[in-house]
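Structural overview
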Amino acid sequence: SGTGDYTMLARLSRARKATPNLLGDMPLIVLTRGRGSSPDQQAAHAELARMSRVGQHIVVPGAYHEIHLSNPDVVVKAVNDVVVQSRAASK
């Protein structure tokens, strides 16, 4: 539910403020749908991405809630990028 999402995001926001870059250098990409996402939702997702020093937030233009269905290429690229970053960091 939307209420549950905002509760979770509020908890994550408090945790991030208490411990900036809570996830350190962990590779992280947060994808946000471009269609129907509010400025508040985009800001919350950007804040999630900032939990990692190397985090990225990408708004996918034209994508609906199920980004993997409307833009699978973007999802595949994000997963591949995280894998590449993880492997590079473990060397």
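Note that the coordinates shown come from a computational prediction; the quantities given were computed from them, not determined experimentally.

What counts, and at which threshold
Residues numbered from 1 in each chain as written. Predicted model: local features only at pLDDT ≥ 70, side-chain atom pairs only at ≥ 80, totals over all residues. Heavy atoms only, no water. Helix = DSSP H or I, 4+ residues; strand = E, 2+ residues; numbered from the N terminus. Buried < 20%, exposed > 50% of the residue type's maximum accessible area, 1.4 Å probe, protein only. Areas by Shrake-Rupley, 256 points an atom, 1.4 Å probe, with all protein chains shown as cover. Lys, Arg positive; Asp, Glu negative; His and termini not counted. Charge placed at Lys NZ, Arg CZ, Asp CG, Glu CD. Patch = residues over 30% accessible without salt bridge, like charges linked within 9 Å, V, L, I, M, F, W, Y side chains within 5 Å. Salt bridge = Lys/Arg side-chain N within 4 Å of Asp/Glu carboxyl O. Contact = heavy atoms within 4.5 Å. Pairing = 2+ DSSP bridges. Right-handed = clockwise from strand over helix to strand, strands pointing away. pLDDT = per-residue confidence, 0-100. Core = buried A, V, L, I, M, F, W, Y, C linked by side-chain atoms within 4.5 Å.

Regarding the overall build of the protein chain
- If you tally the helices and strands in the protein chain, you get four helices and two strands.
- Helices and strands in the protein chain line up, N terminus first, as α-β-α-β-α-α.
- Oriented by its inertia axes, the alpha-carbon framework of the protein chain measures out at about 40 × 35 × 20 Å.
- Going through the 91 residues of the protein chain one by one, you find that 24% of them count as buried.
- In the structure as shown, the protein chain presents an accessible area of about 6000 Å², 58% of it carried by carbon and sulfur atoms.
- Positive and negative side-chain charges of the protein chain, numbering 11 and 7 respectively, have mean locations separated by a distance of 5 Å.

As for a nonpolar patch on the surface
- A surface patch of nonpolar side chains, about 250 Å² in accessible area, is lined by Leu22, Leu23 and Met26.
- Here Met26 lies in the loop between helix H1 (2–18) and strand S1 (29–33).

Regarding the side chain of His45
- As for its placement among the helices and strands, His45 is situated in helix H2 (residues 39–49).
- Residue classification places His45 among the buried positions, given a relative accessible area of 16%.
- In contact with His45, other than residues within four places in its own chain, are Val30, Leu31, Thr32 and His57.

Observations regarding the pairing of S1
- As defined by bridge partners, S1 adjoins strand S2 (residues 56–60) across five bridges and the pair is classed as parallel. Bridge pairing in S2 places Arg33 opposite Val60.
- Handedness of the crossover joining S1 and S2 through H2 is recorded here as right-handed.

Side note on the confidence of the model for the protein chain
- On average, residues of the protein chain score 88 in pLDDT, and 95% of them reach the 70 mark or higher.
- For the protein chain, H1 is the element with the lowest average pLDDT, namely 72, and S2 is the one with the highest, namely 97.

Remarks on the nonpolar core
- Counting residues in hydrophobic clusters, the biggest one holds six residues: Leu9, Val30, Ala44, Leu48, Ala49 and Met51.
- Per-element accounting of this core gives the leading share, three residues, to H2.
- Not counting residues up to four positions away in its chain, the partners in contact with Val30 are His45, Leu48, Ala49, Gln56, His57 and Ile58.

A look at the pattern of salt bridges
- Taken as a whole, this structure holds two salt bridges when the rule is applied.
- Linking Asp81 and Lys77 is a salt bridge whose minimum nitrogen-to-oxygen distance equals 2.8 Å. Taken together, the residues Asp81 and Lys77, both in helix H4 (residues 72–89) and four residues apart, mark about one turn of the helix.
- The class for Asp81 is partly exposed, based on a relative accessible area of 25%.

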